[in-house]
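The lines below spell out each chain.
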Amino acid sequence: MDSENKIIIESKQGEALIIENPKGKNGKKLFLESYGCQMNFSDSEIVASILMNKGYTTTDNFKEADIILLNTCAIRENAEQRVRNRLNDFKRVKQANPKALVGVLGCMAERLKSQLLDQEKLVDIVVGPDSYRDLPNLIEEAEDGRKAINVILSKEETYADLTPVRLGSNGVTAFISITRGCDNMCSFCVVPFTRGRERSRDPESIVKEAKEAFEAGYREVTLLGQNVDSYKWSGGGLKKEILTEEQKNSAVNFAKLLEMVASVNPDLRVRFSTSHPKDLTDEVIHMIAKYENICNHIHLPVQSGNSRILEMMNRGYTREWYLERIAAIKRIIPYVGISMDIITGFCSETDEEHKDTLSLMEQVKYDFGYMFMYSERPKTLAERKFKDDVPEEIKRKRIAEIVDLQRQHSEIRTLEGLGKVHRVLIEGFSKKSDEKLMGRNSQNSVVVFPKGNHKKGEYVNVLVDECTSSTLIGKVI
Ligand code: SAH
Ligand code: SF4
Ligand code: F3S
């Protein structure tokens, strides 16, 4: 491959990914690195698409880059700290090549706005999540020596017409954004401030993207949104009052969208993230059960097992409501993977309330989860109304208990996969051996097996007869 004519992206530090640029060159080299959630990684695919169309070529070595872009996350203090450290790494690039530009994209750009230009002399370009179409202009401005910034949030932008450049991809699984922004205002959360109002993307453009992914060899798509259950499309984005009866009837909710994407091809698996307990309907759960290719896995963040804390978090549900949703999921989908997010040490959380989180975990027995210590974020409701008064050492003690309990539950859930035949979509080689392949079952557990004549992108049935704490091991039958 011509080394000039490719896009190389770092998804995780040190992991460079190479894509050829069919559009040719403009002589400038780009280095792009992403942090944060899947939506941010999906956005980086839009950014890459926009810049490839302008002829940028790229490098996996930031020292030789003409432009360095960091797509950033603001969810917790330590997420921002990592980006600040990374910006310091780039100082030497600017010293060696004063013309090199550094741009901060994404949620931290949106949160800090021009402060990033004023305070950190290292940054030349600041671009919020709804302004990526403006990136080529902003780069030109910065090249002319002006400080370039666009952090305008939009009520409409969904980048629906842009074809993402699949980055960091195994060629089998792809992300598709279905909504942007969030209207929920959970009191701890910075996302409504960094990503703006919630908006849904035209279902036709989603289905088209899923079809194109399938035709390009992908066999799994993950539909992304901060709250996928609130997906809603009614007649081309027209105001409800002026819709005809027919348009109203053709309104698409999340359950319907799942069906539309699942119908692209039975061999295209559909996953989605994130579901919100207050909005997850029986209709959606039944739709998952109805289609073999909609995966039996629901990521359902709980945040806390205590209703008083949930109320303070403004989550819109109680412990009982959440447990009822879990019961409905387990009733309607007999073998289902369930995962969670939990925040520990939220303002005024007592030991008893922490124990409620542990007891809820005992009841649900999650397959896996993401567990965080509460980190106060500027401008959020919690920052304005409550005191971040749980001491750091208590937060640490509680998170250790939660993580330890989750480890036990993951083991229990993994053991339940023994003796069963799992339909697995092969994603590539196992981490430990080139003689073995890995993939996931519908429940999202990793399954490893001897490679035989199989290749990635194929489906196989694996009889599982061994496991580690979180991996199923077996043979193709
Ligand atoms: N939209 C998703 C979550 C997006 S953020 C949802 O509503 O579930 C991902 C996770 O980060 C959250 O579920 C929460 O567990 C965690 N998180 C968000 N804000 C946080 C904060 N201020 N401190 C610690 N964890 C936080
Ligand atoms: Fe944040 Fe709540 Fe929206 Fe999730 S649903 S992004 S936690 S405000
Ligand atoms: Fe982070 Fe923004 Fe995602 S704050 S978690 S990158 S929406």
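In what follows, the structure referred to is the one given above.
Okay, so let's go over this structure.

Definitions and limits used
Residues numbered from 1 in each chain as written. Chains lettered and ligands numbered in written order. Predicted model: local features only at pLDDT ≥ 70, side-chain atom pairs only at ≥ 80, totals over all residues. Heavy atoms only, no water. Pairing = 2+ DSSP bridges. Helix = DSSP H or I, 4+ residues; strand = E, 2+ residues; numbered from the N terminus. Axes fitted to C-alpha atoms, helices over the stretch in contact; angles between N-to-C directions. Contact = heavy atoms within 4.5 Å. Near = heavy atom within 4 Å. Nonpolar A, V, L, I, M, F, W, Y, C, P; charged D, E, K, R; others polar. Domains from an automatic or database assignment. Core = buried A, V, L, I, M, F, W, Y, C linked by side-chain atoms within 4.5 Å. Buried < 20%, exposed > 50% of the residue type's maximum accessible area, 1.4 Å probe, protein only. Patch = residues over 30% accessible without salt bridge, like charges linked within 9 Å, V, L, I, M, F, W, Y side chains within 5 Å. Areas by Shrake-Rupley, 256 points an atom, 1.4 Å probe, with all protein chains shown as cover. Salt bridge = Lys/Arg side-chain N within 4 Å of Asp/Glu carboxyl O. Parallel < 35°, antiparallel > 145°, perpendicular 65-115°, else oblique. Phe/Tyr/Trp six-rings, centres within 6.5 Å; stacked < 30°, edge-to-face > 60°.

## Some points on the sheet that holds strand E15 (residues 269–273)
- Taken in spatial order, the three strands of this open sheet run E9-E12-E15, and their pairing is parallel. A single partner strand is all that each edge strand has here, and the edge strands are strand E9 (173–177) and E15. Neighbour to neighbour, the strand axes of the sheet diverge by 25° on average, direction disregarded.
- Sheet topology note: the strand E12 (residues 220–224)/E15 ladder contains five bridges and is parallel. Bridging across to E15, Leu-223 finds its partner in Phe-272.
- Helix-sheet contacts for helix H1 (residues 38–53) involve E9, E12 and E15, and the interaxial angle to E9 is about 90°.
- Against the sheet, helix H8 (residues 203–215) engages E9 and E12, with an angle of about 165° to E9.

## Focus on the pairing of strand E22 (residues 459–467)
- Both strand E19 (residues 421–429) and E22 contribute to a ladder of five bridges, which runs antiparallel. The partner of Val-421 across the bridge, within E22, is Leu-463.
- Of the strand pairs in this sheet, E22 and strand E23 (residues 471–476) are connected by five bridges, and their pairing is antiparallel. Bridge pairing in E23 places Leu-463 opposite Lys-475.
- Count of turn residues in the E22/E23 antiparallel hairpin: three residues.

## Topic: the site of ligand 3
- Within the structure, ligand 3 sits among Cys-37, Asn-40, Cys-73, Ala-74, Ile-75, Cys-107, Val-191, Arg-195 and Gln-226.
- For the shell around ligand 3, the class distribution of residues is six nonpolar, two polar and one charged.
- Residues lining the shell around ligand 3 come from more than one domain, with at least three contributed by each of domain 1 (6–150) and domain 2 (173–415).

## Considerations on the nonpolar core
- Of all hydrophobic cores here, the largest spans 69 residues; its most connected members are Leu-223, Phe-254 and Leu-258.
- Broken down by element, this core gets its largest block of residues, seven residues, from helix H10 (residues 254–262).
- Apart from the residues within four sequence positions on either side, Leu-258 is in contact with Leu-223, Val-270, Phe-272, Val-284, Met-287, Ile-288 and Ile-294.
- In this structure, Tyr-35, Phe-90, Met-108 and Leu-122 belong to the second largest nonpolar core, which totals 22 residues.

## Some points on the sheet that holds E19
- Here five strands make up a closed barrel; going around it, the order is E19-E20-E21-E23-E22 and the pairing mixed. The average undirected angle you get between the axes of adjacent strands in this sheet is 55°.
- Here strand E20 (residues 436–440) runs beside strand E21 (residues 446–450); their pairing, made up of five bridges, is antiparallel. Residue pairing in the sheet places Met-438 in a bridge with Val-448 of E21.

## Let's talk about the site of ligand 2
- In the neighbourhood of ligand 2, the contacting residues comprise Cys-182, Asn-184, Met-185, Cys-186, Phe-188, Cys-189, Val-191, Pro-192, Gln-226, His-276 and Arg-315.
- When grouped by side-chain class, the residues that make up the shell around ligand 2 number seven nonpolar, three polar and one charged.

## Focus on a nonpolar patch on the surface
- A cluster of nonpolar side chains, namely Val-421, Leu-463 and Ile-477, defines an oily patch on the protein surface of about 270 Å² accessible area.
- Checked against the element boundaries, Val-421 lands in strand E19.

## Structural notes on the pairing of strand E5 (residues 67–72)
- Most of E5 is tucked away: six of the six residues are buried.
- Judged by which residues are buried, E5 turns out to be covered on both faces: Ile-67, Leu-69 and Asn-71 on one side and Ile-68, Leu-70 and Thr-72 on the other are all buried.
- Where strand E3 (residues 29–34) and E5 come together, five bridges link them in parallel fashion. Pairing of Glu-33 across the sheet is with Leu-70, part of E5.
- Sheet topology places E5 next to strand E6 (residues 101–106); six bridges connect them, and they run parallel. Across the sheet, Leu-70 pairs through a bridge with Val-104, a residue of E6.

## With respect to the packing of H1 against helix H6 (residues 135–143)
- Where H1 contacts H6, the axes come no closer than 10 Å and their chain directions differ by 65°. One way to sum up the angle between H1 and H6 is to call them roughly perpendicular. Residues Val-47, Ile-50 and Leu-51 of H1 lie in contact with H6, whose contacting residues are Leu-135, Pro-136 and Ile-139.
- Each residue belonging to the contact of H1 with H6 can be placed in one class, and the counts come to six nonpolar, no polar and no charged.

## Focus on unusual backbone geometry
- Put simply, Ser-273 and Thr-274 share a cis peptide bond, and its omega is 15°.
- For Thr-274, the location among the structural elements is in the loop between E15 and helix H11 (282–290).
- Located in the positive-phi region is Met-185, a residue other than glycine, with phi close to 60°.
- Among the secondary structure elements, Met-185 is positioned in the loop between strand E10 (179–180) and helix H7 (191–195).
- Positive phi, close to 75°, is recorded for Gln-303, a residue that is not glycine.
- Mapped onto the elements, Gln-303 comes out in the loop between strand E16 (297–299) and helix H12 (307–312).

## Looking at the packing of aromatic side chains
- Per the stated rule, a full pass over the model turns up ten aromatic pairs.
- Note on Tyr-132 and Tyr-159: the rings are 6.1 Å apart at their centroids and 15° apart in plane angle, and the pair reads as stacked. Taken together, the residues Tyr-132 in the loop between strand E7 (125–127) and H6 and Tyr-159 in the loop between strand E8 (148–150) and E9 connect sequence positions 27 residues apart.
- Residue class for Tyr-159 comes out buried when judged on its relative accessible area of 2%.

## Some remarks on the pattern of salt bridges
- Evaluation of the coordinates by the stated rule reveals 42 salt bridges.
- Put simply, Arg-111 and Glu-80 hold a salt bridge, and the shortest N to O gap is 2.6 Å. Of this pair, Arg-111 sits in helix H4 (residues 107–112) while Glu-80 sits in helix H2 (residues 77–89), and the two are 31 residues apart along the sequence.
- Exposure remark for Arg-111: the relative accessible area of 18% places this residue in the buried category.
- With a relative accessible area of 2%, Glu-80 lands in the buried category.

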